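Overview (structure and organization)
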Amino acid sequence: MAVSTQHQVEIQVGGRTLAFETGLLARQADGAVVVRYGDTLVLVAATAAAQPREGIDFFPLTCDYEEKMYAAGKIPGGFFKREGRPGESAVLAARLMDRPIRPLFPKGFRNDIQVIATVLSTDQENDPAILAVNGASAALMVAGLPFEGPVGAVRVGLIGDQFVVNPTLRQTEEESRLDLVVAGTADAIIMVEAGAQEVPEEQMLAAFDVAHAEIRRIVEIQHRLVEMAGKPRREVQLATPDPEVEATVRGAALPLIAEALAHPEKLAREEALRDVQQTVAGQLAEHDPEKFAQRAAEVADLVYALTKAEVRRRILEDGRRPDGRKPAEIRPLTIQVGLLPRAHGSGLFQRGQTQVLTVATLGTGEDEQRLDNLGILERKRYLHHYYFPPFSVGEVRPLRGAGRREIGHGALAERALARAIPSEEAFPYTIRLVSEVLESNGSTSMASVCGSSLALMDAAVPIKSAVAGIAMGLISDESGRAAILTDILGMEDQMGDMDFKVAGTRDGITALQMDIKIKGLSRDLLAKALAQAREARLFILERVLEVIPAPRTTLSPYAPRILTIEINPERIREVIGPGGKVINKITQETGAKIDIEQDGRIHIASVDEQAARRAMQMIEEIVREVKVGEMYLGRVTRLMNFGAFVEVLPGKEGLVHISELADGRVGKVEDVVKVGDELLVKVKEIDNLGRINLTRRGIGQTGEEGEAPAGGELQPAAPRSREGGPPPRRRRGGRGPGGRGPEGRGSGGRPGGERGAGPARGGREGGQSGGGAPEA
C-alpha cells in the first residue's frame, strides 16, 4: 500500500492564510494541488498527454471549473438534482484560469493539457475562482510541464480610499468601488479583469501595483512547493517548421503578401491572403511535387507566420496599420437609436466594420434571474447577453448556443454598465440587454458597451451616465520597440501582443479586461495604454451624446408601467388571501402583474397604466383601515333578524342594527334592504373586539348629510420604509394576461403615496451620427 507524502506551504495574504497542499488528493494526475483560504478549498488537477496531437496548429489547452453545490451545503436546483453543464459563473472562472497560463507555454507545444478545478468547500467569504487560478499554476509547476510560470493572482478592492487585497465576497458586492482581478508572474502582469465605479486611471495603476506586490509573494511560495514536491522537468517535442521549406515559402510568398496587405478593406484583404496561400502551395507543388505535394497545410501555416511578421514590421518600422490608420486613430463611427418600433429601447453602434445592435427590454420582478451557484447573490435584475452569429464574419457554422467567448464578452459589457444602472427603488424594473453582433472586425464587446448605453437611454432607463469602451492593442519586439494601437482590427488582435479593453464614463473606468500573448507587460506600457484609451473613450462619448444627450423621459408605449405602493408588512397576507384567492382575483380583473416583497413594497405592472392604477386602488381598499365617523358606500352581504351586514371595504363587514337602518322605526330588515343592495353607511363605533357598528340614521337615501362617501375617495396606505439589510426575497402574486397596447406613456408623477416608474419620453425619436473620426 502506497504511503502518501504530503507537502504544504503557506503565506499571509490579505490578513488570512493562503496555503498550497499536495500529496494527499488526486495522486494519479500529473500535478494536483489543494489551495486553502479560510474555509474555502479548491482542488486543481493538471494532466498532460504523453505525445503531441497530430495535425493541429494550436496549443490544445482546456481549463474547467467545477462548482460542486455540496461545497456550500446546498442541493442543486432543477429536476435532476445534480450538477449539469457549467453556469455562467463557472465559465467565467474557467476563463480566468486559462488566460494567464496559456501564453506561458512554449510556441509549438502540441500536447493536450487539461486543468480541472473542483470547489470542495466554500465559506462564501473567500472567492474560490482566485484560488483556482493560483492552483492551476501550482499544479502545472508541480507536474514538471514546460510552463514558464509560476503565476499568482489576487483580487483588489477599494473601500473608502484604501485598497484591500482579497476582500470578502460581501465586501466586494456591497462596499467596494473596485473589483479588480490581476494575474501575473514575478516580472510582469499578464491578465487583468475589473469592474469599477468610475475609478480614475491613476488610481487603477496604483491598484495594479498593490496587486503585483502580492503576486510576487505568491509566486515565491509556489517555487518553494516545487522544490519540495515537484516532478522532474518533462522533455517535450515542439512543432517547428522545416528550415528548408520555410526558406522556400518565404521567397515565394513575401512579394505576394505585400500586395495582399495593400487592401485596406477586411474582406478583400482576407481573400487576397487566401489566394496567396493557394498560389504559393500550387507553385511549390508544381515545382517540386515530391517535397510539397502533401504539405499544403504546412505551407498555409508558414504563409500566416510570414503575414504576421510583415504586419508587425510595418507597424513598428513604418507606422502603417493594415487599414492605413495612424496608431491612435479611431475608425469612422455611425450611431443610431430607436431602430426597432416594438422594442423598449434599441441602439446601433458601428465603428468601421464592427457593427452591434443592442436591444433593451424592461420587465417586472418575475423576470429576474434566479442564481443557483456558490455565490452570495440569489437574484439578478440587470442582465446582458451577447450573441456572435457566424454571418458577422462571413462564415458558415452551426448555432450551438452561447459559448465561453460569448459568455465572457457579455459579462464584460454587463460589468461596464452595472454601476450606472439605477437602484431598484428608483427604477423597479428588471432590465435585459441583448447585443447582436452583425459585423465583426475588431472589438465587438466594446461596441456592445456603446450600444448598451444607447439602448438604455432610448428605453428611458435613468442611467447615471453614458458609458463607452475601446480596445487597445500592442505590437512589440525583442529590441524594446513598442506601438500602442487604438481601436484594433481583428488582424491586429490576432497578430498582436495584447488585447486591452477599457470601458468607462467621462469621470473614470467602469470595466477592464486585458489578455496578452507575451510573458508580461511593463507598468509604463500599461499607463500609456490607459491614457490613450481615455482619449478614445471621451471622443466616442461625445459622438454618442450628440445623438442622444440624456435618457428619454417617457417609456415606450409597449413597456410595462410599474406603480409602487408600500403597506404594513403585517397586512401582506390580507392582500394575498387564502390560497392566493384575493391577489388572483385582482390580476384576473385588471390583467396586471403584482410582486409583493416582505418589507411591504408592492410593485404593480401593466402595459395599460389605467389597469395598473385600478389594481393599486383595489389593494389600497384591502389594506385601508375603517375609521369612526367616515361614510362608505357598501354592499349588503347578509340579512339577520336583528340587522344587515354590509361590506364597507373588501373583506371588512360591519353591522347595521335594525334600529339603525332608518330614521324611523323598522319592522323587518327585509322591508328596507335585501342582499346585494348598495347602502351609504356611516361608522358609528368600533368596539374593543374590532367589530364595526354602522348606522343609516341621519344619512337619507342619497347622502343628504352632504358628506362624500369614504369609499369614493380612497386615501393611500401610510408608507413604511425598510430598515436596511439585504434585499428581501419576493413573494409572487398572480399573473394576469397583461395585454399590450399603445395607450399613453407614463407621466412619471408621484401623487399621493404611489411611485410612478414611467418617466415621460421626450427629445428626438431617433438620431444618428456618421462620418469619420479624427485621430484621438
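The rules we used
- Residues numbered from 1 in each chain as written.
- Predicted model: local features only at pLDDT ≥ 70, side-chain atom pairs only at ≥ 80, totals over all residues.
- Heavy atoms only, no water.
- Helix = DSSP H or I, 4+ residues; strand = E, 2+ residues; numbered from the N terminus.
- Contact = heavy atoms within 4.5 Å.
- Pairing = 2+ DSSP bridges.
- Axes fitted to C-alpha atoms, helices over the stretch in contact; angles between N-to-C directions.
- Salt bridge = Lys/Arg side-chain N within 4 Å of Asp/Glu carboxyl O.
- Buried < 20%, exposed > 50% of the residue type's maximum accessible area, 1.4 Å probe, protein only.
- pLDDT = per-residue confidence, 0-100.
- Expected span 1.5 Å × (residues − 1).
- Phe/Tyr/Trp six-rings, centres within 6.5 Å; stacked < 30°, edge-to-face > 60°.
- Lys NZ or Arg CZ within 6 Å of the ring centre and 35° of its normal.
- Polar contact = N/O pair within 3.5 Å; in protein donor to acceptor, adjacent residues only side chain to side chain.
- Core = buried A, V, L, I, M, F, W, Y, C linked by side-chain atoms within 4.5 Å.

On to the overall build of the chain, then. Summing up its helical and strand segments, the chain has 15 helices and 32 strands in all. Within the chain, contacts between residues at least 6 apart in sequence are counted, and of these 72% link residues at least 24 apart.

This part is about the sheet that holds strand 3 (residues 31–37). Spatial ordering of the open sheet is given by 1-2-3-4-6-5, a layout of 6 strands whose pairing is mixed. The open sheet is flanked by strand 1 (7–13) and strand 5 (61–67), the only strands paired with a single partner. Averaged over all neighbouring strand pairs, the angle between strand axes comes to 15 degrees, with direction disregarded. As judged from the 9 bridges shared by strand 4 (residues 40–52) and strand 6 (residues 111–121), these two strands associate in the antiparallel manner. Each residue of the ladder has a partner; that of L43, found in strand 6, is T118. The strands touched by helix 1 (residues 88–101) are strand 5 and strand 6; relative to strand 5, the strand with the most contacts, the crossing angle is about 145 degrees.

The full count for this structure, using the stated rule, is 52 salt bridges. Residue D30 pairs with R234 through a salt bridge whose shortest N-O separation is 3.4 Å. Residue D30 is located in the loop between strand 2 (16–22) and strand 3, and its partner R234 is located in the loop between helix 4 (201–229) and helix 5 (243–260); the two are separated by 204 residues in the primary sequence. In this structure D30 comes out as buried when scored by relative accessible area, which is 16%. Between R331 and D487 there is a salt bridge, with its nearest N and O atoms 2.8 Å apart.

Next up on the list: the environment of A183. Considering the arrangement of structural elements, one finds A183 in strand 9 (residues 178–184). For A183, a relative accessible area of 0% corresponds to the buried category. In sequence terms A183 and I130 are 53 residues apart; their C-alpha atoms lie 9.3 Å from each other.

Now for the confidence of the model for the chain. When the pLDDT values of the chain are averaged, the result is 87; 89% of them are 70 or greater. Confidence, expressed as mean pLDDT per element, reaches its minimum in the chain at strand 30 (residues 730–735) with 40 and its maximum at strand 3 with 98. Confidence drops under pLDDT 50 across residues 702–766; counting only partners more than four residues distant or on other chains, this segment forms 171 contacts. In this model residues 771–776 is a low-confidence stretch, pLDDT under 50, and it forms 19 contacts with partners more than four residues away in sequence or in other chains.

Once that is clear, we can look at helix 9 (residues 404–418). Its 15 residues place the ends of helix 9 21 Å apart at the C-alpha level, agreeing with the 21 Å of an ideal helix rising 1.5 Å per residue. Summarising burial for helix 9: 11 of the 15 residues are buried, a large majority. Taken together, the buried positions of helix 9 are occupied by E406, I407, G408, H409, G410, A411, L412, A413, E414, A416 and L417.

Read from one edge of the open sheet, 8 strands run 8-7-9-10-21-20-18-19, paired in antiparallel fashion. Single-partner strands in this sheet number two, and they are strand 8 (162–165) and strand 19 (482–486). Taking the axes of each pair of neighbouring strands and ignoring which way they run, one obtains an average angle of 15 degrees across the sheet. Judged from the 6 bridges that link them, strand 10 (residues 189–199) and strand 21 (residues 509–516) form a sheet pairing that is antiparallel. Following the sheet pairing, G195 is matched in strand 21 by A511.

All right, on to the packing of aromatic side chains then. Enumeration according to the criterion identifies 6 aromatic pairs in this entry. Relative to F147, the ring of F105 lies with its centre 5.4 Å away and its plane at 40 degrees, an arrangement referred to as tilted. Taken as a pair, F105 in the loop between helix 1 and strand 6 and F147 in the loop between helix 2 (128–143) and strand 7 (152–159) lie far apart in primary sequence, 42 residues in all. One exposure class covers both F105 and F147, and it is buried. Here the aromatic residues F59, F105, F109 and F147 are joined through ring pairs into a cluster of three or more. Over the face of the ring belonging to F388 we find R405, whose NZ or CZ atom lies 4.3 Å from the ring centre. Over the face of the ring belonging to F645 we find R638, whose NZ or CZ atom lies 4.0 Å from the ring centre.

As a further point, take unusual backbone geometry. Note: most peptide bonds trans; most residues except glycine with negative phi. Going from G149 to P150, the amide bond is cis rather than trans, its omega being 5 degrees. Note on placement: P150 falls in the loop between helix 2 and strand 7. Of note, Q124 is a non-glycine position whose phi angle comes to about 55 degrees, a positive value. With respect to the helices, strands and loops of the structure, Q124 is situated in the loop between strand 6 and helix 2. Judged by its relative accessible area of 26%, Q124 is partly exposed. Positive phi outside glycine occurs at A460, with the angle close to 65 degrees. Take A460: its relative accessible area is 1%, and that puts it in the buried class.

Before going further, it helps to spend a moment on the side chain of R624. Within the secondary structure layout, R624 lies in the loop between helix 15 (609–623) and strand 25 (631–640). For R624, a relative accessible area of 9% translates into the label buried. Among the polar contacts made by the side chain of R624, one reaches the side chain of E630 at a distance of 2.7 Å.

Note that R381 resides in the loop between strand 15 (379–380) and strand 16 (382–387). Residue classification places R381 among the buried residues on the basis of a relative accessible area of 15%. Setting aside its immediate chain neighbours within four residues, R381 contacts E368, I421, P422, S423, E424, F427, Y429, T430 and I431. In this structure the side chain of R381 is engaged in a polar contact, spanning 3.0 Å, whose partner is the backbone oxygen of Y429.

Counting through the fold element by element, A296 comes out in helix 8 (residues 296–318). Separated by 12 residues in the primary sequence, A296 and L284 have C-alpha atoms spaced 9.4 Å apart.

Inspection of the sheet shows strand 1 paired to strand 2 by 7 bridges, in the antiparallel sense. Residue pairing in the sheet places V9 in a bridge with F20 of strand 2. Counted along the chain from strand 1 to the antiparallel partner strand 2, the turn is 2 residues long, and its residue G14 has a positive phi close to 65 degrees.

With that out of the way, let us pick up the nonpolar core. Ranked by internal contacts, the top residues of the largest apolar core, which has 168 residues, are V115 and F208. For this core, the element with the highest residue contribution is helix 2, accounting for 12 residues. Every residue in contact with V115, bar those within four places of it in the chain, is listed here: V44, A45, A46, L61, T62, C63, D64, M97, I101, A136 and L140. Counting residues in hydrophobic clusters, the runner-up holds 19 residues, among them I567, I572, A615 and M618.

Direction of pairing for strand 25 relative to strand 28 (residues 678–686): antiparallel, over a ladder of 5 bridges. Pairing of Y632 across the sheet is with V681, part of strand 28. As paired strands, strand 28 and strand 29 (residues 692–695) are joined by 4 bridges and run antiparallel to one another. Within strand 29, the residue paired with V683 across the bridge is L694.

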